[in-house]
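The chain contents come next:
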Amino acid sequence: RQGPNRTRPSMAEAKPKTSPKSVKFLFGGLAGMGATVFVQPLDLVKNRMQLSGQGTKAREYKTSFHALSSILRNEGVGGIYTGLSAGLLRQATYTTTRLGIYTILFEKMTGADGRPPNFFLKALIGMTAGATGAFVGTPAEVALIRMTADGRLPADQRRGYSNVFNALARITKEEGVTTLWRGCIPTMARAVVVNAAQLASYSQSKQALLDTGYFGDDILCHFCASMISGLVTTAASMPVDIVKTRIQNMRMIDGKPEYKNGLEVLVRVVGKEGFFSLWKGFTPYYARLGPHTVLTFIFLEQMNRLYRSHVLER
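Thresholds, definitions, all that
- Residues numbered from 1 in each chain as written.
- Predicted model: local features only at pLDDT ≥ 70, side-chain atom pairs only at ≥ 80, totals over all residues.
- Heavy atoms only, no water.
- Phe/Tyr/Trp six-rings, centres within 6.5 Å; stacked < 30°, edge-to-face > 60°.
- Buried < 20%, exposed > 50% of the residue type's maximum accessible area, 1.4 Å probe, protein only.
- UniProt positions renumbered as here; feature names shortened; annotations may be inferred.
- Helix = DSSP H or I, 4+ residues; strand = E, 2+ residues; numbered from the N terminus.
- Axes fitted to C-alpha atoms, helices over the stretch in contact; angles between N-to-C directions.
- Parallel < 35°, antiparallel > 145°, perpendicular 65-115°, else oblique.
- Contact = heavy atoms within 4.5 Å.
- Nonpolar A, V, L, I, M, F, W, Y, C, P; charged D, E, K, R; others polar.
- 1 Å grid on protein atoms, 1.4 Å probe; cavity = no way out; pocket = protein on both sides within 12 Å on 5 of 7 lines; lining within 4 Å.
- Points joined across faces, edges and corners; volume = space filled by probe spheres on them.
- Disulfide = S-S within 2.5 Å.

Enquirer: So what about the packing of aromatic side chains? Which residues, and what values?
Expert: What the rule picks out here adds up to seven aromatic pairs. Note on Phe275 and Phe276: the rings are 5.3 Å apart at their centroids and 75° apart in plane angle, and the pair reads as edge-to-face. Here Phe276 falls in the exposed class, since its relative accessible area comes to 64%. Between the aromatic rings of Phe276 and Trp279, the centroid separation amounts to 6.4 Å while the plane-to-plane angle is 45°, which identifies the pairing as tilted. Here Trp279 falls in the partly exposed class, since its relative accessible area comes to 23%. Through a chain of ring-to-ring contacts, three or more aromatic side chains come together here, namely Phe275, Phe276 and Trp279.

In C-alpha cells, the structure reads:
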C-alpha cells in the first residue's frame, strides 16, 4: 500500500531496464551455438534421410536409428559430428540475427503497460526476423548441407571440405560466389514458416502455461513451451526443408542444374517417392528441433537472467 507522500511511478518508469541491443544479438548467437553442440548428430541424420532414395520409393534408411547406426558403423563416432563447424557458423550468423531482431521488435511492440503483442503481431515479428536471419545464414547452410551429405557418397565423388571456411572458399572459387546463396528462397521460406510457428507458438505456449497457474516462469515452463513449439514447427516446415536440402546439395548434370526450382523438387518428390516423403526425416528433425529449441531458449533465458542480476540491477 502506498503512503500519502509517495507518487505512483509513471508508465515510462515502470518499464524494466533492458540489455543493450548488442548483448541481445550476442546472447542469441551464443544460445544457438551452445544448443548446436548437442544436436549436430541429429541434424546430420535428418539431412542424410532427406537426401536418401532420391527419385525412388526404395528407402536407404528404414528408421532414424538405422541411419544413425549405419553412419556410426561406416564413419565412426567422429562421423556423426561432420559439419559441426558449419553448424556453429550457421548459428553465429542466422540465430544471432534472428533472435536479436525478434527481441528488439518484440520490445518495440510491447505496450507501455507491459502487455505483449497479440498472436498475429508475434507471428509477423517472427517471420521478419527469420527471413532476415536466413538470408545472412544461407552460405553457412549450404556448407552444412554439403558437409553432412559427403559421407554417403563414394570416395571419388566426395567434395572433401575440411571445415566451413574451406567449404566457403572452395565453393566461391569453384562455383562462383552466388552459389553460396543457392537455395536462398526456400531457406528464407523455411525460416518464415519455422519462425512464425516456433517463436510465436513458444511465446503463446509459455503464456498459456503461466495462465494455468500450475507453472512459474522457470526452466520447467520454458521446457514444456519449447516442446509444444517444436512439434508445431516440425510439422509445418518439413516440406520446405526437404526442398532446401535437395537444392543446396544438387550438382550440375551436363552443365544443367539437377532441379530448376523448388516447385520441381516438390513435384518430383511427391510423384516419385510418395506424398509422405515430404516428411522424410521427421523423427530426427523433431528430435533435433525440440531439444535445439529447448536448449536455445533455456540458454537465452539463463544468460538474460544472469545479465539482469549482475549488470542491470547493480
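Enquirer: Describe the UniProt feature "repeat: Solcar" (unreviewed entry) in the protein, with residues and values.
Expert: In the numbering used here, UniProt assigns the "repeat: Solcar" (unreviewed entry) feature to residues 23-108, 117-208 and 217-306. Here residues 23-108 runs as 81% helix and 0% strand, with 17 Å between its end C-alpha atoms.

Enquirer: Explain the packing of helix α2 (residues 21-51) against helix α8 (residues 219-249) to me, and be specific about the residues and the numbers.
Expert: Two elements in contact, α2 and α8, have axes separated by 10 Å at closest approach and are oriented at 80°. Viewed along their axes, α2 and α8 adopt a mutual orientation that is roughly perpendicular. Contact residues: Lys46, Asn47, Gln50 and Leu51 in α2; Met238, Asp241, Ile242, Thr245, Arg246 and Asn249 in α8. By residue class, the composition of the contact of α2 with α8 is three nonpolar, four polar and three charged.

Enquirer: Explain empty space enclosed by the protein residue by residue, including any values.
Expert: Tallied over the full model, the rule gives four cavities of 30 Å³ or more. Reported here for the largest cavity is a volume of approximately 160 Å³. Lining the largest cavity are 15 residues, and of these Tyr94, Arg98, Arg288, Leu289 and His292 sit closest to its centre. Secondary structure elements with two or more residues in the lining of the largest cavity: α4 (84-109), α7 (184-212) and α10 (282-312).

Enquirer: Provide a residue-level description of the state of the cysteines, including the pertinent values.
Expert: Covalent bonding between the sulfur atoms of two cysteines is what defines a disulfide. If you walk through the whole model with that rule in mind, you get zero disulfides. There is no disulfide at Cys221, and the cysteine sulfur nearest it, in Cys224, is 7.3 Å away. Its relative accessible area of 0% is what places Cys221 among the buried residues.

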